[in-house]
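# Working through the structure, step by step
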Amino acid sequence: MSGFFSSLLGGRSSTATAAASAATPDPAIYDTAPRLTPGLNPITVTPLPTPKEQELITLIQTTHLAKLLQDLPAEPQDNHPRFAASVWLTAQRILLYLRASKNDLAKTLVRLRSSLEWHCVFRPHAITPESMGVEGGSGKQYVNGYDRGGRPIIYMFPHRQNTRDSSEQLRWVVFNMEQAIRSMPEGATKWTIVIDVSRYSMSQSVPLSVAREFLNILESHYPERLHKALVLNPPGMFVMFYHIVAPFIDPVTKEKVSFVDLTGKKKVEEGDKAGPWVDIREHVAEDQLQSDAGGAWEFRFDKLVYWQELQKSYDAWIATYVAAAAAVAPPPLIEAVAEEAAVPVAVEPASS
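None of the values given here were measured: they were computed from a predicted structure.

What follows covers the sheet that holds strand β2 (residues 141–146). Here five strands make up an open sheet; going across it, the order is β2-β3-β4-β5-β6 and the pairing mixed. Looking along the sheet, the strands with just one partner apiece sit at the ends: β2 and β6 (257–260). Going across the sheet, the axis of each strand differs from the next one's by a mean of 25°, ignoring polarity. As paired strands, β2 and strand β3 (residues 152–156) are joined by four bridges and run antiparallel to one another.

A few words now on the packing of helix α7 (residues 166–182) against helix α8 (residues 208–221). The interhelical angle for the contact between α7 and α8, taken along N-to-C directions, is 25°, at an axis separation of 11 Å. By the angle between their axes, α7 is roughly parallel relative to α8. Crossing handedness for the pair α7 and α8: right-handed. Counting all contacts with α7, which are made through S166, L170, V173, V174 and M177, the residues of α8 involved are V210, E213, F214, I217 and L218.

This paragraph deals with the environment of D147. Summarising the element assignment, D147 is placed in the loop between β2 and β3. Judged by its relative accessible area of 4%, D147 falls in the buried class. Sequence-wise, D147 and V284 are 137 residues apart; in three dimensions their C-alpha atoms are separated by 4.4 Å. If we skip the residues at most four places from it in the chain, D147 touches I153, T192, H227, H283 and V284.

Right, let's talk about the packing of aromatic side chains for a bit. Enumeration over the complete set of coordinates arrives at 20 aromatic pairs. With a centroid separation of 5.1 Å and 20° between ring planes, the pair formed by Y142 and F301 is classed as stacked. Of this pair, Y142 sits in strand β2 while F301 sits in the loop between β6 and α11 (303–327); the two residues are 159 residues apart in sequence, bridging distant segments of the chain. For Y142, a relative accessible area of 1% puts it in the buried group. For F301, a relative accessible area of 6% gives the class buried.

Taken as a whole, this structure holds twelve salt bridges when the rule is applied. We note a salt bridge from D147 to R151, for which the minimum N-O separation is 2.9 Å. Of the charged contacts in the structure, one is a salt bridge between K190 and E224, with a shortest N-O distance of 3.8 Å. Taken together, the positions of K190 in the loop between α7 and β4 (191–196) and E224 in the loop between α8 and β5 (226–232) put the pair 34 residues apart, joining distant regions of the chain. With a relative accessible area of 5%, K190 lands in the buried category.

Before going further, it helps to spend a moment on the confidence of the model for the chain. Overall, the predicted model of the chain reaches an average pLDDT of 85, with 82% of residues at or above 70. Mean pLDDT across the secondary structure elements of the chain bottoms out at helix α12 (residues 337–340), with 41, and peaks at helix α6 (residues 105–122), with 98. Considering only residues more than four positions removed or in separate chains, one finds that residues 270–274, a stretch of pLDDT under 50, has eight contacts.

Another point: the environment of W191. Structurally, W191 is set in strand β4. Of the residues examined, W191 reaches a relative accessible area of 0% and is grouped as buried. C-alpha of W191 to C-alpha of I154: the two residues are 37 residues apart in sequence and 7.2 Å apart in space.

Calculation rules
Residues numbered from 1 in each chain as written. Predicted model: local features only at pLDDT ≥ 70, side-chain atom pairs only at ≥ 80, totals over all residues. Heavy atoms only, no water. Pairing = 2+ DSSP bridges. Helix = DSSP H or I, 4+ residues; strand = E, 2+ residues; numbered from the N terminus. Axes fitted to C-alpha atoms, helices over the stretch in contact; angles between N-to-C directions. Parallel < 35°, antiparallel > 145°, perpendicular 65-115°, else oblique. Left-handed = near helix turned anticlockwise from the far one by under 90°. Contact = heavy atoms within 4.5 Å. Buried < 20%, exposed > 50% of the residue type's maximum accessible area, 1.4 Å probe, protein only. Phe/Tyr/Trp six-rings, centres within 6.5 Å; stacked < 30°, edge-to-face > 60°. Salt bridge = Lys/Arg side-chain N within 4 Å of Asp/Glu carboxyl O. pLDDT = per-residue confidence, 0-100.

Structure (structure tokens):
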């Protein structure tokens, strides 16, 4: 499976394609303003905890919390905020880890502790837009818009790869996953990924070690976050490679990966909306989907415009984060946000 994600990430830079994609688009033709706030999109909320899940959440909060937070790795002294573990460990996040562990308390505690330690070492909270200016400059990955369930969309264009430092590439992927979380409307917990692999080649794939590390981060520290991975115009070699590794992919994850043919040559069978081939418009409304992904939204990435909005979003989040850390408030129990939302709400199906 790591080989599959290796092809999605894109690894070795291609100067020509990266330079071309970084060109400033004509604002008279294209919309360059990103959508990083939910607006009035319908929201699919995470199902509220069952009585058993609520019992386990309460047990973790009242009995195991102190041990989970004890003796976490020390962070370096710099100008970035420290990891606010007690702020991060919300009831909603505990619920995601419980469901990823199939409500196994012991496994949930191990996974939570592992993620708490990882946050202290990898420090996703300390990755700033300023530090990612080079990685994000070509528009190879970014958060923009929402799917039909109000979930943020992470766009990936592996052919726009512009750097060779795999550690920085990984930091940029993590930054975008964190930005997707910051862009989520209240009650939502998942994101959708749209990946253009139309120019896929093995020469652009990242080393398998990097792909494995990314996969480990995604599964271990962002459980229950992926709603759908929509793979655009996969060439025959890519599809063949996917079918080779598919038997080794976790069934729940495999169900979330679908192919999209924007040429119209590949027919989507009636009732086969779950994949492997799907109509992307079933998942993202045309006016919310970029035209280069089959939609009607004539958006083009402009780093200057995008970075201004990204910085605003990050600054608002960091101010809230620092204030919450200073207050050191206990994690709240999950409330029935579906009853209070001012926009149409549906309930996210729980993963099997």
